[in-house]
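# A closer look at the structure
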Amino acid sequence: MKITILNGSPKGAESVTMQYILYIKKKHPEHEYNIINIAQTIKKIEKNEERFKNILKQVGDSDGIIWGFPLFVMLVCSQYKRFIELIFERNAEAAFENKFTFVLSTSIHFYDHTAQNYMHSICDDLKMNYVGNYPADSWDLLYPKRRARWLLFAEEFINHIENNFPTSKHYAPLNIRDFKYTPGKIIEDTRKIDTHGKKILVVSDETNENTNIGKMIKKFKESFSNEIEIVNLYDIDIKGGCISCLQCGYDNKCSYIGKDGFFEFWEDVVMTSDILVFAGVIKDRYLSSRWKMVQDRAFYMTHTPTLIGKQMGYIISGPLTQIPNISQTFQAHVEIQDSNFVDIITDEFGTSEEIDALLHDFARRLVTFSKADYIKPITFLGEGGKKIFRDDIYGRNRFVFLADHEYYEKHGFYDTFPQNDERAKKMNEKLIPLMRIDKVRNKINMKQEFLRPFTKVIEDPNK
Ligand SMILES: Cc1cc2nc3c(=O)[nH]c(=O)nc-3n(C[C@H](O)[C@H](O)[C@H](O)COP(=O)(O)O)c2cc1C
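### Here's the deal with the site of the ligand
Around the ligand there are 20 residues in total, and Lys11, Ser15, Val16, Thr17 and Thr106 lie nearest to it. One of the backbone N or O atoms of Leu71 is found 2.7 Å from an oxygen atom in the ligand. The contact in question runs from a nitrogen atom of the ligand to an N or O atom on the backbone of Val73, over 2.9 Å. Within the complex, 90% of the 650 Å² of free accessible area of the ligand lies under protein. Contributing elements (two or more residues each) for the shell around the ligand: helix H1 (16–27) and strand S4 (100–107). Among the residues forming the shell around the ligand, the class breakdown is 11 nonpolar, eight polar and one charged.

### Looking at the packing of aromatic side chains
Pairs of aromatic rings are described using the distance from one ring centre to the other and the angle between the two planes. In total, this model carries 33 aromatic pairs according to the counting rule given. Here the aromatic residues Tyr20, Phe102, Tyr134, Trp150, Phe153 and Phe157 are joined through ring pairs into a cluster of three or more. When the ring centre of Phe179 is taken as origin, the NZ or CZ atom of Arg177, which lies over that ring, is 3.8 Å away. When the ring centre of Tyr394 is taken as origin, the NZ or CZ atom of Arg398, which lies over that ring, is 4.8 Å away.

### Here's the deal with the sheet that holds strand S3 (residues 64–70)
An order of S2-S1-S3-S4-S5 is seen for the five strands of this open sheet, with the pairing classed as parallel. One side of each edge strand has no neighbouring strand; the edge strands of this open sheet are strand S2 (32–37) and strand S5 (129–137). Across the sheet, the axes of successive neighbouring strands diverge by a mean angle of 20°, strand direction being ignored. In the sheet, S4 pairs with S5 via eight bridges, with the strands oriented parallel. Its bridge partner lying in S5, Phe100 is registered against Asn129. Contacting strand S1 (2–7) and S3, helix H4 (residues 78–89) crosses the sheet at an angle of about 145° to S3.

### Some details on the sheet that holds strand S6 (residues 200–204)
Spatial ordering of the open sheet is given by S7-S6-S8-S9-S10, a layout of five strands whose pairing is parallel. Two strands close off the open sheet at either side, each with one partner strand: strand S7 (229–232) and strand S10 (340–346). Averaged over all adjacent pairs, the angle separating strand axes in this sheet is 20°, with direction ignored. Of the pairings in the sheet, the one linking S6 to strand S8 (residues 275–281) comprises five bridges and is parallel in character. By the bridge assignment for S8, Ser204 is matched with Ala279.

### Structural notes on unusual backbone geometry
In the Ramachandran plot, His196 falls in the positive-phi region, its phi being about 50° despite a non-glycine side chain. For His196, the position within the fold is in the loop between helix H6 (144–162) and S6. Overall, the relative accessible area of 45% leaves His196 in the partly exposed class. The backbone of Ser244 shows a phi angle near 65°, a positive value even though the residue is not glycine.

### Overview of the packing of helix H11 (residues 324–335) against helix H13 (residues 380–394)
The geometry of H11 relative to H13 is characterised by a closest axis approach of 8 Å and an angle of 60° between their N-to-C directions. Classified by the angle between their axes, H11 and H13 sit oblique to one another. When the axes of H11 and H13 are compared, the crossing they make is right-handed. When H11 is examined against H13, the residues Gln328, Gln331, Ala332 and Glu335 are found in contact with a partner set consisting of Leu381, Gly382 and Lys386.

### Thoughts on the domain arrangement of the protein
For the protein, the domain assignment lists domain 1 (2–162), domain 2 (189–380) and domain 3 (421–463). The C-alpha centroid of domain 2 is placed 30 Å from the C-alpha centroid of domain 1. With 26 residues of domain 1 at the interface, the matching set in domain 2 holds 23 residues. For the domain 1 and domain 2 pair, buried surface summed over both sides reaches about 2100 Å², with 58% attributable to carbon and sulfur atoms. When the buried area of domain 1 at its contact with domain 2 is split by residue, Val73, Met74 and Ser78 rank highest and sum to 25% of it. On the surface where domain 1 and domain 2 come into contact, there are four salt bridges. Here Arg285 makes a salt bridge to Asp125, at a shortest N to O gap of 2.7 Å.

Thresholds applied
Residues numbered from 1 in each chain as written. Predicted model: local features only at pLDDT ≥ 70, side-chain atom pairs only at ≥ 80, totals over all residues. Heavy atoms only, no water. Near = heavy atom within 4 Å. Polar contact = N/O pair within 3.5 Å; in protein donor to acceptor, adjacent residues only side chain to side chain. Areas by Shrake-Rupley, 256 points an atom, 1.4 Å probe, with all protein chains shown as cover. Helix = DSSP H or I, 4+ residues; strand = E, 2+ residues; numbered from the N terminus. Nonpolar A, V, L, I, M, F, W, Y, C, P; charged D, E, K, R; others polar. Phe/Tyr/Trp six-rings, centres within 6.5 Å; stacked < 30°, edge-to-face > 60°. Lys NZ or Arg CZ within 6 Å of the ring centre and 35° of its normal. Pairing = 2+ DSSP bridges. Axes fitted to C-alpha atoms, helices over the stretch in contact; angles between N-to-C directions. Contact = heavy atoms within 4.5 Å. Buried < 20%, exposed > 50% of the residue type's maximum accessible area, 1.4 Å probe, protein only. Parallel < 35°, antiparallel > 145°, perpendicular 65-115°, else oblique. Left-handed = near helix turned anticlockwise from the far one by under 90°. Domains from an automatic or database assignment. Buried area = accessible area lost by both parts, 1.4 Å probe. Salt bridge = Lys/Arg side-chain N within 4 Å of Asp/Glu carboxyl O.

Put into structure tokens, the structure is as follows:
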């Protein structure tokens with residue numbers, strides 16, 4: 001059996017994810033394992049058409065395909081995303097059709113589900129026979145029981161191919177609406193929104209002003225009585241995607257420093273803004289790989305929040321609600337920064353007039369919330385994510401991400417461990433012994449006990 005592995009790690013052969021493949025190879029040497037370093041060599045693949053075609057040939061000659069990659073900022077890395085874009089741009093889907101496949105990721109389980117969902121939908125778009133996914137923790141291979149379950153999964157994949165077992169589809173093809181957004185007449189000066197000195201930045205990857213997104217950005221800008229800044233990602237000197245060297249872990253110094261202009265953009269333009277609006281067109285099942293490159297490169301600040309207290313939102317063109325995965329990552333990006341997720345305005349529904357009104361009101365809300373320093377409570381997306389970071393930086397990844405650790409310690413992140421919650425500790429010390437007494441337990445009305453502190457707030461005229 002010939003298995004081709006499309007390696008999505010920029011580290012190439014030095015990838016942790018590929019150790020999972022080598023383990024299977026050791027246990028089942030009877031099969032052929034063909035690893036192609038996609039992410040590491042993406043520039044060559046993109047430039048050299050023959051190289052790209054050769055990969056398609058290897059895919060076509062294989063019995064099974066494994067998409068194996070590290071999690072990179074809630075998805076695959078930009079280099080791998082670019083490869084996926086090339087498949088569609090160059091009409092190369094046929095090579096993948098009906099191939100048995102599974103998706104292997106390694107990570108610390110921070111948004112591995114969104115990366116997995118993304119790849120699953122891509123497999124369905126390519127009409128592959130998707131057998132399943134394996135969202136491994138990076139360290140799984142170091143534990144006997146976890147090695148055994150990985151082996152079982154891989155063996156079941158081979159079994160699936162050998163027996164031509166059926167596979168199901170989960171993602172319907174995207175339904176793209178044919179709609180031309182035509183902005184209405186210029187907004188009168190009296191309706192324009194004062195920025196109140198807030199620095200507003202729109203970051204976009206759209207180079208054509210006449211597309212829906214180009215026109216939406218222009219209309220949004222027109223909502224304000226003062227200037228706002230619009231930056232195009234193609235005007236920024238970015239030499240390449242994150243190469244996962246992890247030099248940043250120690251002191252947030254990226255190995256690209258002095259080689260391109262990313263840091264000036266991020267630190268002088270993005271980080272200094274009060275209001276951030278990200279704009280783009282949906283490309284396959286996410287934003288473009290250019291956008292992803294920016295998200296990955298911003299990882300040089302590792303797990304330390306750098307956009308705290310901002311108002312953030314998105315202007316998007318494309319079938320957003322058909323891909324809930326995207327909104328989830330957008331919201332999570334904002335929530336883990338302790339910023340306020342305001343909204344996503346799209347051209348997916350409504351007339352041009354309705355979109356105009358939404359864009360205008362988006363502008364109003366961004367400024368109103370910024371003036372009031374309003375940050376709404378975060379959801380599971382931010383809360384869960386931040387806890388994973390906190391635990392990993394405190395624990396096994398502290399030596400890798402010392403800069404994060406120092407920041408977390410200084411800013412009280414570790415005070416949020418439940419064992420440090422003095423109020424809860426005192427309450428438990430007092431109440432648990434009481435709860436063990438049958439008489440007390442039977443007498444207590446838990447609903448009323450829960451309400452007692454709230455009643456105090458409601459009845460206090462000064463609160
Ligand atoms: C730029 C970058 C972004 C990352 N983003 C995530 C993430 O969003 N979620 C996660 O759980 N792990 C994340 N990781 C951790 C890697 O996915 C993990 O260490 C992986 O096992 C590395 O595999 P590799 O050696 O095959 O590249 C990130 C690592 C890097 C370098």
